[in-house]
Amino acid sequence: MPIAQNPLSVEVTLPREDVALLRVEGYLDVDTATEFQHHLANQLHHGRRHFLLDLSAVPFMDSSGMNIILRVYQEARELPGSVHIISPTPAVRRILDLTGVSITVPVSESVDEALERVDRLPQTPEEPEN
């Protein structure tokens, strides 16, 4: 199996029990999008509802990366939950703006700002205990 020309690194931390912070480093493209998708799916499987995607170390993203972000955005909304993009590089921000993704998925400048946005989301009503 050939080694990817531009390997992707994804570091996952949990600022809160239902919040996953994914710090992505490298090119987010057709060669690496599946790996990124696996990290997100794993966090969904473990009950995370909010996803903070730190793209400050992503110099390039193509439509494969955008599709993964939009797919997790749709899945998170159904939970209900949310997706937030943090500190995209100028090149990635331009792609997000040109495609309208930044209108749909909130873009924050810091983890703290994204967490504040999570806190402002309407809370889901608690299910009554039987």
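It should be noted that the structure appears before, not after, this text.
Here is a short report on the structure shown in this document.

Rules used in this analysis
Residues numbered from 1 in each chain as written. Predicted model: local features only at pLDDT ≥ 70, side-chain atom pairs only at ≥ 80, totals over all residues. Heavy atoms only, no water. Salt bridge = Lys/Arg side-chain N within 4 Å of Asp/Glu carboxyl O. Helix = DSSP H or I, 4+ residues; strand = E, 2+ residues; numbered from the N terminus. Buried < 20%, exposed > 50% of the residue type's maximum accessible area, 1.4 Å probe, protein only. Right-handed = clockwise from strand over helix to strand, strands pointing away. Pairing = 2+ DSSP bridges. Contact = heavy atoms within 4.5 Å. Axes fitted to C-alpha atoms, helices over the stretch in contact; angles between N-to-C directions.

### Focus: the pattern of salt bridges
Next, step 1: Enumeration according to the criterion identifies five salt bridges in this entry.
Next, step 2: Of the charged contacts in the structure, one is a salt bridge between R16 and D119, with a shortest N-O distance of 2.6 Å. Of this pair, R16 sits in strand β1 (residues 9-16) while D119 sits in helix α5 (residues 111-120); the two residues are 103 residues apart in sequence, bridging distant segments of the chain.
Next, step 3: Since its relative accessible area comes to 45%, D119 is described here as partly exposed.
Next, step 4: The closest approach of N and O atoms between R23 and D54, which form a salt bridge, is 2.9 Å. With R23 in strand β2 (residues 19-25) and D54 in strand β3 (residues 50-57), the pair connects residues that are 31 residues apart, well separated along the chain.
Next, step 5: On the accessibility criterion, R23 (34% relative accessible area) is partly exposed.

### Considering the pairing of β3
Next, step 1: Most of β3 sits inside the fold, with six of its eight residues counted as buried.
Next, step 2: The parallel pair β2 and β3, bridged by helix α1 (residues 33-45), forms a crossover whose chirality is right-handed.
Next, step 3: Alignment of β3 against strand β4 (residues 82-86), held across five bridges, turns out to be parallel. Bridged to D54 within β4 is I86.
Next, step 4: Running through helix α2 (residues 63-78), the crossover from β3 to the neighbouring parallel element β4 is right-handed.

### A short note on the pairing of β4
Walk down a regular strand and you will see the side chains alternate between the two sheet faces.
Next, step 1: Across the five residues that make up β4, a large majority, five, are buried.
Next, step 2: Residues S82, H84 and I86 of β4 are buried on one face, and the alternating residues V83 and I85, pointing to the opposite face, are buried as well.
Next, step 3: Sheet topology places β4 next to strand β5 (residues 107-108); two bridges connect them, and they run parallel. For I86, the partnering residue across the bridge sits in β5 and is S108.

### Section: the environment of P122
Next, step 1: Tracing the backbone shows P122 in the segment after α5.
Next, step 2: Between the C-alpha atoms of P122 and G81, which are 41 residues apart in sequence, the distance is 9.8 Å.

### A look at the sheet that holds β5
Two strands in a sheet stick together by hydrogen bonds in their backbones, pointing the same way (parallel) or opposite ways (antiparallel).
Next, step 1: Overall, mixed pairing links the five strands, which are arranged β1-β2-β3-β4-β5 in an open sheet. Each edge of the sheet is formed by a strand with only one pairing partner; in this case those strands are β1 and β5.
Next, step 2: Relative to β2, β1 is paired through six bridges, and the arrangement is antiparallel. Each bridged residue has a counterpart across the sheet, and for T13 the counterpart in β2 is L21.
Next, step 3: Together, β3 and β4 form the strand contacts of α2, whose direction differs from that of β4 by roughly 145 degrees.

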